[in-house]
Structures are given as C-alpha cells and as structure tokens.
Amino acid sequence: MQTKFSVKKAPLRRLIMMVVVLGAAIALSACGSNEAKKGTEGKLNIVATIGMIGDVAEQVGGDHVTVTSLMGPGVDPHLYKASQGDMKKLDGADIVFYNGLHLEGKMVDILEKMSSHKTTVAVSKTIPEAELLSDPVAPDSHDPHIWFNVQNWMKATEVIRDTLIEADSAHAEDYRKNAEAFLTQLKETDDYAREQIGQIPEEHRILVTAHDAFHYFGRAYNIQVMGLQGISTASEYGSKDVSDLRDYLVEHHIKAVFVESSVSTKAIEAVIEGAKKMGHTVEIGGELFSDAMGKAGTTEGTYIGMVRHNVDIIVKALK
Ligand SMILES: [Zn+2]
C-alpha cells in the first residue's frame with residue numbers, strides 16, 4: 001500500500017515556526033540570519049531508509065540538509081530491523097524518506113506509528129498503479145524494486161524535491177535548481193542504460209540473478225529477467241527452484257549469471273554447480289548492486305554510479 005503513509009504535517013512544529021517567524025519580524029533583528037528550522041546548524045535533518053533514497057536527498061538538499069541513511073552497503077532492506085540507534089536517528093529527524101511498497105518489511109509498524117507526528121514520505125507514492133509490477137509470489141503486493149527503472153527514480157526525486165520545498169520554503173529555489181540538475185543526469189543515465197543493454201544480441205539478453213530485484217530494470221531496458229528467489233529475500237528458495245533455474249540455463253545456453261551485493265551467493269552457486277554437472281559451464285558475470293549501493297566515496301556508492309555499474313557489468317558479460 002504505497003498510499004498508506006502520506007505526507008503529514010506536524011502541527012506543533014508549524015506553530016513553533018510561525019511563532020519564531022513572527023517573533024523575528026517583531027524584533028526586526030538586524031542580523032536576521034537565524035532560520036526557523038530544527039537540526040544541526042539550521043539544516044533540515046533527513047533520515048532515509050535505503051542509501052539510494054539518501055543519495056537523492058543529498059543531491060536535492062545540497063547544503064541545506066544533513067542526510068543519514070540507515071541501511072549501508074550490503075544491507076538487505078527486506079530483512080532489516082531498526083536498531084536502538086536507528087530509533088534515535090528517526091526520532092531526531094525532521095523528515096523521514098522511505099521506499100514503501102513494503103520494501104522495508106520489518107519497519108512498516110515503526111514508520112506507520114511515526115507518520116502521526118512526523119513528516120514521513122514514501123518516495124514511491126506518485127508512481128501510478130499501472131506502472132507498478134506485482135510480486136509473482138504474492139500477487140496482492142507490488143514489487144518494491146522501483147529504482148531499477150531510472151524513470152521511477154526521477155519521480156522519487158520530484159517527491160523529495162517537493163517535500164523539501166514544503167518543509168523549507170526559504171530555500172525553494174535551491175531545491176528546484178538542484179533537482180533539475182540531478183534530473184538531467186538521471187535522464188542521461190536512463191538513456192545510457194537503454195542504449196547499452198540494446199547492444200546485447202537479443203538471444204543473449206537474459207539476466208539471471210539470485211533474487212527477483214530486476215523486473216523493473218528488465219521491463220524498462222528490454223532484457224528478460226530470471227530470479228531464483230521471490231521478490232523478497234525473506235522468502236526461501238527450494239531445491240525445485242534451483243533445478244528449474246539450472247535447466248533453464250542449460251536449455252538457453254546462458255553463459256553468465258550475476259551475484260548481488262546484498263544477497264547470499266549460496267543459491268546461485270548451487271545453480272552453477274548443477275549446470276556444470278550437466279556439462280554446461282556458467283560463469284559469474286559479476287556483482288550487481290541490487291538493494292544496496294556500494295561503499296561511500298566510491299562511484300558505486302551513488303545511485304547513478306550503481307546503475308551504470310550494473311549496466312556495464314551486464315553488457316560486458318552477455319554481449
Ligand atoms: Zn530485494
């Protein structure tokens with residue numbers, strides 16, 4: 001339910017802001033540099049669940065925000081439980097951004113509770129129902145891995161931009177400018193992915209991974225996607241899944257499969273081993289970033305960097 005938690009204003013904060021603004025006006029302070037904002041050094045204090053959201057918030061917020069992402073490199077959001085330290089960060093946040101669509105499966109209750117007194121925003125909220133894919137294992141739920149279609153992340157960027165403008169209208173122009181620049185880069189990344197994946201011969205254009213994170217990617221960039229696990233890593237894979245995927249690899253002469261930074265490689269190794277016994281050699285084409293970005297400070301530690309990395313690895317192994 002991506003509409004479950006919509007933007008909610010904290011009325012008390014509004015009131016405090018009004019009083020502060022009014023007070024400042026009456027005082028006719030010559031300095032007038034103090035912003036009516038919470039957080040350190042007058043910056044908006046933003047907490048994001050996954051790194052891909054935190055990155056966008058940093059890009060759009062620029063100097064006016066401090067951003068903390070709860071889930072770092074290699075962390076699986078489907079299984080992630082908020083720690084005591086996370087609860088403190090969430091409590092201190094002015095705005096909380098999360099993916100929604102049940103990606104943060106173990107944090108739903110916390111986010112729901114928080115939405116009564118804090119601005120909590122699901123960045124997936126403006127993606128039209130028709131654009132959402134369903135979870136093949138649980139048809140009532142949506143596939144939450146929306147960031148793999150860069151155009152979806154452009155919509156998420158707009159949601160973050162609009163939320164920041166509403167929370168801190170004094171810097172609206174900066175948020176607008178930052179978002180516009182970032183949206184241009186996203187558009188270029190979207191074009192790049194489509195053009196590069198298009199260079200893989202059609203009969204080789206099959207992406208096999210450990211868990212079903214890449215369906216939006218597959219639909220957006222025209223590559224067939226096969227996963228071993230369901231949409232969430234919380235669902236177990238069975239020996240039949242392994243043998244089905246093994247048979248598929250052998251039958252379609254697939255030469256490379258991919259492992260993921262946030263998912264155990266055990267399952268995919270069992271498939272490779274099985275194929276080998278049937279006389280078909282499958283290589284590991286490389287490590288894809290699926291549900292978490294790479295290390296901070298590296299190219300893959302950004303949303304755009306991770307998408308480009310994935311595209312390059314896939315093209316290199318399958319072309
Ligand atoms: Zn996932």
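Refer to the structure presented above.
The structure reproduced in this document is the subject of the present report. (Residues numbered from 1 in each chain as written. Predicted model: local features only at pLDDT ≥ 70, side-chain atom pairs only at ≥ 80, totals over all residues. Heavy atoms only, no water.)

1. Section: the overall build of the chain
On a plain count of helices and strands, the chain comes out with ten helices and eight strands. Counting all 319 residues of the chain, 50% fall into the buried class. Here the analysis covers contacts within the chain between residues at least 6 apart in sequence; of these, 71% occur between residues at least 24 apart. For the chain, the accessible area works out to roughly 15,100 Å², and carbon and sulfur atoms hold 53% of it. (Helix = DSSP H or I, 4+ residues; strand = E, 2+ residues; numbered from the N terminus. Buried < 20%, exposed > 50% of the residue type's maximum accessible area, 1.4 Å probe, protein only. Contact = heavy atoms within 4.5 Å. Areas by Shrake-Rupley, 256 points an atom, 1.4 Å probe, with all protein chains shown as cover.)

2. Quick word on the nonpolar core
Counting 77 residues, the largest nonpolar core has F97, W147, W153, L164, F217, Y303 and I314 as its most contacted members. Taken domain by domain, the makeup of this core includes at least three residues from each of domain 1 (40-194) and domain 2 (201-318). Other than its neighbours up to four places away in sequence, I314 contacts I197, I200, L207, F217, I223, F258 and L288. Listed in part, the 18 residues of the second largest apolar core include V242, L245, I254 and V263. (Core = buried A, V, L, I, M, F, W, Y, C linked by side-chain atoms within 4.5 Å. Domains from an automatic or database assignment.)

3. Description of the coordination of the zinc ion
Within the protein, the atoms that donate to the zinc ion are H78 (NE2), H145 (NE2), H211 (NE2) and D291 (OD), at distances of 1.9 to 2.2 Å. Classification of the site at the zinc ion rests on its four donor atoms, whose angles at the metal span 93 to 126°, yielding the label tetrahedral. Between consecutive donors of the zinc ion, the numbers of intervening residues give the motif H-x66-H-x65-H-x79-D. Here the residue H78 occupies a position in the loop between strand 2 (65-71) and helix 3 (84-92), and H211 occupies one in strand 5 (residues 206-211), the gap between them amounting to 133 residues. One exposure class covers both H78 and H211, and it is buried. (Donors = N, O, S within 2.8 Å, 3.2 Å for Na, K, Ca; no water. Tetrahedral: all angles 85-135°; square planar, octahedral: opposite > 155°, others 65-115°.)

4. Overview of the packing of aromatic side chains
Applying the stated rule across the entire model yields seven aromatic pairs. Arranged with centres 5.8 Å apart and planes meeting at 45°, the rings of W147 and F148 form a pair that is tilted. Like W147, the residue F148 is buried in the burial classification. Feature note: the residues W147, F148, W153, F214, F217, Y221 and Y303 constitute an aromatic cluster, connected by ring pairs. Between R308 and the ring centre of Y192, over which it is positioned, the NZ or CZ distance is 4.3 Å. (Phe/Tyr/Trp six-rings, centres within 6.5 Å; stacked < 30°, edge-to-face > 60°. Lys NZ or Arg CZ within 6 Å of the ring centre and 35° of its normal.)

5. Observations concerning the pairing of strand 3 (residues 95-98)
Along any regular strand, the residues point their side chains to alternate faces of the sheet. Residue alternation in strand 3 divides its side chains into two sets, I95 and F97 and V96 and Y98, and both sets are buried. The pairing of strand 1 (residues 44-50) with strand 3 spans three bridges and is classified as parallel. For V47, the partnering residue across the bridge sits in strand 3 and is V96. By the bridge criterion, four bridges tie strand 3 to strand 4 (residues 119-122) in an arrangement that is parallel. (Pairing = 2+ DSSP bridges.)

6. What about the packing of helix 2 (residues 51-61) against helix 5 (residues 150-167)?
With their axes 10 Å apart at the nearest point, helix 2 and helix 5 run at an angle of 55° to one another. What the angle tells us is that helix 2 and helix 5 run oblique. Helix 5 is crossed by helix 2, and the crossing has right-handed handedness. For the pair formed by helix 2 and helix 5, the contact residues are M52, I53, V56, A57, V60 and G61 on the first element and W153, T157, I160, R161 and L164 on the second. Classifying every residue of the contact of helix 2 with helix 5 by side-chain character gives eight nonpolar, two polar and one charged. (Axes fitted to C-alpha atoms, helices over the stretch in contact; angles between N-to-C directions. Parallel < 35°, antiparallel > 145°, perpendicular 65-115°, else oblique. Left-handed = near helix turned anticlockwise from the far one by under 90°. Nonpolar A, V, L, I, M, F, W, Y, C, P; charged D, E, K, R; others polar.)

7. So, the pattern of salt bridges
Pairing is possible between side chains of opposite charge, provided their charged atoms come close. Scanning the model with the defined rule gives six salt bridges in all. In this structure, D191 engages K187 in a salt bridge whose closest nitrogen and oxygen atoms are separated by 2.8 Å. Of this pair, D191 and K187 both sit in helix 6 (residues 172-197), separated by four residues, roughly a single helical turn. Accessibility expressed as a relative area gives 38% for K187, which makes it partly exposed. Taking the shortest distance from any N to any O, the salt bridge between D247 and R246 comes out at 3.0 Å. Owing to a relative accessible area of 29%, D247 belongs among the partly exposed residues under this scheme. (Salt bridge = Lys/Arg side-chain N within 4 Å of Asp/Glu carboxyl O.)

8. Concerning the environment of T68
Mapped onto the fold, T68 is located in strand 2. In this structure, the C-alpha to C-alpha distance between T68 and G51, residues 17 residues apart in sequence, is 8.6 Å. If near-sequence neighbours (up to four positions away) are discounted, T68 is found in contact with I46, V47, A48 and K89.

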